[in-house]
Amino acid sequence: SAVISQKPSRDICQRGTSLTIQCQVDSQVTMMFWYRQQPGQSLTLIATANQGSEATYESGFVIDKFPISRPNLTFSTLTVSNMSPEDSSIYLCSAMTHPTGLSSNYGYTFGSGTRLTVV
Amino acid sequence: AQTVTQSQPEMSVQEAETVTLSCTYDTSENNYYLFWYKQPPSRQMILVIRQEAYKQQNATENRFSVNFQKAAKSFSLKISDSQLGDTAMYFCAFGEYGNKLVFGAGTILRVKS
């Protein structure tokens with residue numbers, strides 16, 4: 001299945017600054033997703049990123065705060081803008097994969113996550 | 001909207017024993033996928049097992065198997081011969097083809113030696 005390289009793995013940032021997280025997939029994928037996860041909790045979807053169209057944001061998340069780019073079928077970035085300590089969290093990207101078109105191969109693969117601490 | 005419920009926040013099991021993690025979901029759809037993911041302290045989300053809703057046969061992957069009850073909307077994970085490396089957070093997830101995943105709250109599993 002597809003492999004996602006996510007960078008950076010962790011960062012400590014000053015409040016008021018922005019951080020861009022990158023995800024590179026080793027094969028072409030149509031749909032990518034960005035999640036936020038507080039330690040010990042479940043994943044919360046921020047937005048769905050499709051190539052060639054604007055990202056679709058979930059309730060409670062806005063483009064000005066979390067701009068997303070999806071320039072091609074193997075790459076996406078999430079920017080956390082004007083950061084505050086409340087943005088400290090783990091951010092994960094994910095991609096829908098369907099390598100052979102068979103239903104038995106359908107799934108979702110994940111990057112290794114970015115641990116963000118805002119001070 | 002679809003929802004996924006994991007009612008066991010934490011579970012413990014002795015090494016080599018069997019443990020079952022529960023998951024229920026709610027949907028009005030007929031065709032969908034169900035997944036169990038494992039997340040160790042490394043944060044990496046690892047696919048444990050996948051079930052296609054149209055298949056009646058329960059999925060198995062080595063020591064991992066599911067009990068899929070479509071009518072009851074239940075999807076439990078059984079781990080046999082538990083190993084220390086199975087210690088992790090386990091997430092049940094629901095997904096329709098071409099759509100986002102919906103996750104449960106997770107179950108922390110601790111395997112004791």
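Description of the structure in this document. (Residues numbered from 1 in each chain as written. Chains lettered and ligands numbered in written order. Predicted model: local features only at pLDDT ≥ 70, side-chain atom pairs only at ≥ 80, totals over all residues. Heavy atoms only, no water.)

Observations concerning the interface of chain A and chain B
Line of reasoning, step 1. On the chain B side, the residues contacting the 28 residues of chain A number 23 residues.
Line of reasoning, step 2. Of the roughly 2,000 Å² buried at the junction of chain A and chain B (both faces included), carbon and sulfur atoms supply 52%.
Line of reasoning, step 3. At the junction of chain A and chain B, the tally comes to 1 salt bridge.
Line of reasoning, step 4. Ionic pairing is found between Glu58(A) and Lys100(B), a salt bridge with its closest N-O pair at 2.8 Å.
Line of reasoning, step 5. For the pair chain A and chain B, the interface holds 13 residue pairs in polar contact (both at pLDDT 80 or more).
Line of reasoning, step 6. The greatest single-element share of the side of chain A that touches chain B, amounting to 4 residues, is contributed by strand E4 (residues 31-37) of chain A.
Line of reasoning, step 7. Residue composition of the side of chain A that touches chain B, grouped by class: 11 nonpolar, 14 polar and 3 charged. (Contact = heavy atoms within 4.5 Å. Buried area = accessible area lost by both parts, 1.4 Å probe. Salt bridge = Lys/Arg side-chain N within 4 Å of Asp/Glu carboxyl O. Polar contact = N/O pair within 3.5 Å; in protein donor to acceptor, adjacent residues only side chain to side chain. Helix = DSSP H or I, 4+ residues; strand = E, 2+ residues; numbered from the N terminus. Nonpolar A, V, L, I, M, F, W, Y, C, P; charged D, E, K, R; others polar.)

Focus: the pairing of strand E3 (residues 19-25) of chain A
All names here are of chain A.
Line of reasoning, step 1. Only one face of E3 is buried: it carries Leu 19, Ile 21, Cys 23 and Val 25, and the other face, with Thr 20, Gln 22 and Gln 24, is open.
Line of reasoning, step 2. Judged from the 4 bridges that link them, strand E1 (residues 4-7) and E3 form a sheet pairing that is antiparallel. Bridge pairing in E3 places Lys 7 opposite Gln 22.
Line of reasoning, step 3. Sheet topology note: the E3/strand E8 (residues 75-80) ladder contains 6 bridges and is antiparallel. Its bridge partner being in E8, Cys 23 is matched across the sheet by Ser 76. (Buried < 20%, exposed > 50% of the residue type's maximum accessible area, 1.4 Å probe, protein only. Pairing = 2+ DSSP bridges.)

Some points on the sheet that holds E3(A)
Residues and elements named next belong to chain A.
Line of reasoning, step 1. In space, the 4 strands of this open sheet follow the order E1-E3-E8-E7, with antiparallel pairing throughout. Both edges of this open sheet fall to E1 and strand E7 (68-72), since each of them pairs with a single strand only. The sheet shows a mean angle of 15° between the axes of neighbouring strands, taken without regard to direction.
Line of reasoning, step 2. Across 3 bridges, the pairing between E7 and E8 is antiparallel. When the sheet's bridge partners are listed, Ile 68 is paired in E8 with Leu 78. (Axes fitted to C-alpha atoms, helices over the stretch in contact; angles between N-to-C directions.)

Considering the state of the cysteines
Line of reasoning, step 1. The full count for this structure, using the stated rule, is 2 disulfides over all chains.
Line of reasoning, step 2. A sulfur-sulfur distance of 1.9 Å marks the disulfide that ties Cys23(A) to Cys93(A). Disulfide Cys23(A) to Cys93(A): torsion about the S-S bond roughly -95°, handedness left-handed. Placement of Cys23(A) in strand E3 and of Cys93(A) in strand E9 (residues 89-97) is noted, with a sequence separation of 70 residues between them.
Line of reasoning, step 3. The partner cysteine of Cys23(B) in its disulfide is Cys92(B), sulfur to sulfur 2.0 Å. The disulfide joining Cys23(B) to Cys92(B) has a torsion of about -70° about its S-S bond and is therefore left-handed. Of the two residues, Cys23(B) sits in the loop between strand E3 (19-21) and strand E4 (24-26) while Cys92(B) sits in strand E10 (residues 88-95), which places them 69 residues apart along the sequence. For the pair shown, Cys23(B) and Cys92(B) are each scored as buried.
Line of reasoning, step 4. This cysteine, Cys13(A), is not joined by any disulfide, and Cys23(A) carries the nearest cysteine sulfur, 16 Å off. (Disulfide = S-S within 2.5 Å.)

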